[in-house]
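A look at the structure
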Amino acid sequence: MLIDFFETLRSKEIPATPRELLDLIRALQADLAFASMDDFYLLARTCLVKDEKLYDRFDLAFSQFFEGVEAADASLSSLVPDDWLQKTFERYLSDEDKAKLKGYESLDELMEAFKQRLDEQTERHAGGNKWIGTGGTSAFGHGGYHPDGIRVGGESRHRKAVKVWEKREFRNLDDRQMLADRNLQVALKRLRKFARTGAHEELDLDGTIRATAQKGYLDIQTVREKHNAVKVLLLLDIGGSMDDHIQRIEALFSACRNEFKHLEHFYFHNCVYESVWKDNTRRFDQRISTYDLIHKYGQDYKVILVGDASMSPYEIAAPGGSVEHFNEETGQVWLSRIIKQWPSLVWLNPVPDSAWMYTQSIQMIQQQIEGRMFPMTLEGLERAMKCLAK
């Protein structure tokens, strides 16, 4: 088994050696990890991975090889009993049935109703329309359907939840991802050629030879060195509905890494609020204040936000509307601050622009950023680069 696991790591371009595999085997023989997948994961990563930049590839390989072996999620054990969330059946709802369901008037009303259910509910419910449960039309639970509720555990099916009550783990984007479409790099080069600056310090070999031959002595000639002076701040939406576009976003991330010498990147989820983060594995305890970004990076930076802008309208327009935490100020307020600091800004959306009119949050953000949202097509990227170069 360990040999097959070792080969899986090698196939993901993790340069583990047979010596390191033997170290892992000896560590297991010494009972440094026993009957615990978490302990084995940490031990294997310690023995086989010597560079933190490879942790993401290790996670993917580990997940692929040990698919189906998962730790239980106890994030709600103190509030919602496990048996309430056991999915025993799946109720079929027609489009007509779904159209009859009504959401709550406001986010405050939804949160108050959830609090009331927690106080009043004493037993498990499934298939209903009120209590915390599974498979029904209640606004609380999972495995069913509601226009805008709170998903408690389970997996996202319809992506209608206003709040998600669980701790979700996102993985970092791999900037070495091979580009599936070279058009991304071609389009991004359109920006670089607009801002070439430099001093007369690069040797002009042909000119030096010509001048030396004409004058009879060594006459060194120089030309302006061309280098990429564009400064780019890349803000990437990660997790949730963005998982559908992960390959294209990784390709874009790789292209940005290749094309821009001065690149800084940060992650957010759905909408930018009071903080962002650099490492998705530490996003709960190592956040960076958005104010710090505003104060650190000057107005000469070009800002590229990447996300599907598909979320509850509450996340943009309401305090506390974030799907994961209580934000004191709305997403609109933070987007306004970002636009004010970096006038040269665009938003790239992997959702086809023909579908934008059907999602209210996309229209809201498109209006907020003054129409500077572009689709992730070759034509869309070209227009985005021209917009940034103005």
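Residues numbered from 1 in each chain as written. Predicted model: local features only at pLDDT ≥ 70, side-chain atom pairs only at ≥ 80, totals over all residues. Heavy atoms only, no water.

Attention now moves to the pairing of strand E14 (residues 301–306). Counting buried residues along E14, 6 of its 6 residues qualify, which places the element largely inside the surrounding structure. Residues Tyr301, Val303 and Leu305 line one face of E14 and the alternating positions Lys302, Ile304 and Val306 line the opposite face, and both faces are buried. Alignment of E14 against strand E15 (residues 345–349), held across 4 bridges, turns out to be parallel. Considered in E15, the bridge of Val303 is made with Leu345. (Buried < 20%, exposed > 50% of the residue type's maximum accessible area, 1.4 Å probe, protein only. Helix = DSSP H or I, 4+ residues; strand = E, 2+ residues; numbered from the N terminus. Pairing = 2+ DSSP bridges.)

Right, let's get into unusual backbone geometry. Look at Asp31: it is not a glycine, yet its phi comes out positive at around 60°. In this fold, Asp31 is placed in the loop between helix H2 (18–29) and helix H3 (37–48). On the basis of relative accessible area, Asp31 is assigned to the exposed category, the value being 55%. Notably, Asn270 is not glycine yet its phi reads approximately 70°, a positive angle.

Turning next to helix H8 (residues 205–215). Within H8, burial applies to Gly207, Thr208 and Ala211. One side of H8 carries all its buried residues, which in axial view fall inside an arc of 100°. Of the residues in H8, the exposed ones pointing more than 90 degrees away from the buried face are Leu205, Asp206, Ile209 and Ala213. A positive phi of about 85° marks Gly216, the residue just after H8. (Arc of directions from axis to C-beta.)

Turning next to the pattern of salt bridges. All told, the structure shown has 8 salt bridges when counted by the stated rule. The residue Arg19 makes a salt bridge to Asp23 at a minimum N-O spacing of 3.6 Å. Pair noted here: Arg19 and Asp23 are both in helix H2, with a separation of 4 residues, about one helical turn. We classify Arg19 as exposed; its relative accessible area is 56%. Residue class for Asp23 comes out partly exposed when judged on its relative accessible area of 29%. With its nearest N and O atoms 2.6 Å apart, the salt bridge here joins Lys215 to Asp219. Three or more residues joined by partner-sharing salt bridges are found here, namely Arg19, Asp23 and Arg26. (Salt bridge = Lys/Arg side-chain N within 4 Å of Asp/Glu carboxyl O.)

Below, the discussion takes up the packing of aromatic side chains. Enumeration over the complete set of coordinates arrives at 12 aromatic pairs. Centroid distance Phe5 to Phe40: 6.1 Å. Interplanar angle 50°. Geometry classified as tilted. Taken together, the positions of Phe5 in helix H1 (residues 2–11) and Phe40 in helix H3 put the pair 35 residues apart, joining distant regions of the chain. For the pair shown, Phe5 and Phe40 are each scored as buried. Look at Phe268 and Trp347: their rings are 6.3 Å apart centre to centre, the planes differ by 70°, and that puts the pair in the edge-to-face class. With Phe268 in strand E11 (residues 262–268) and Trp347 in strand E15, the pair connects residues that are 79 residues apart, well separated along the chain. Neither residue differs from the other here; Phe268 and Trp347 are each classed as buried. Put simply, the rings of Phe5, Phe40, Tyr41, Phe58, Phe62 and Phe65 touch in pairs and so form one group of aromatic residues. In this arrangement the basic side chain of Lys278 is found over the ring face of Phe266, its NZ or CZ atom lying 4.8 Å from the centre. Between Arg337 and the ring centre of Trp334, over which it is positioned, the NZ or CZ distance is 4.5 Å. (Phe/Tyr/Trp six-rings, centres within 6.5 Å; stacked < 30°, edge-to-face > 60°. Lys NZ or Arg CZ within 6 Å of the ring centre and 35° of its normal.)

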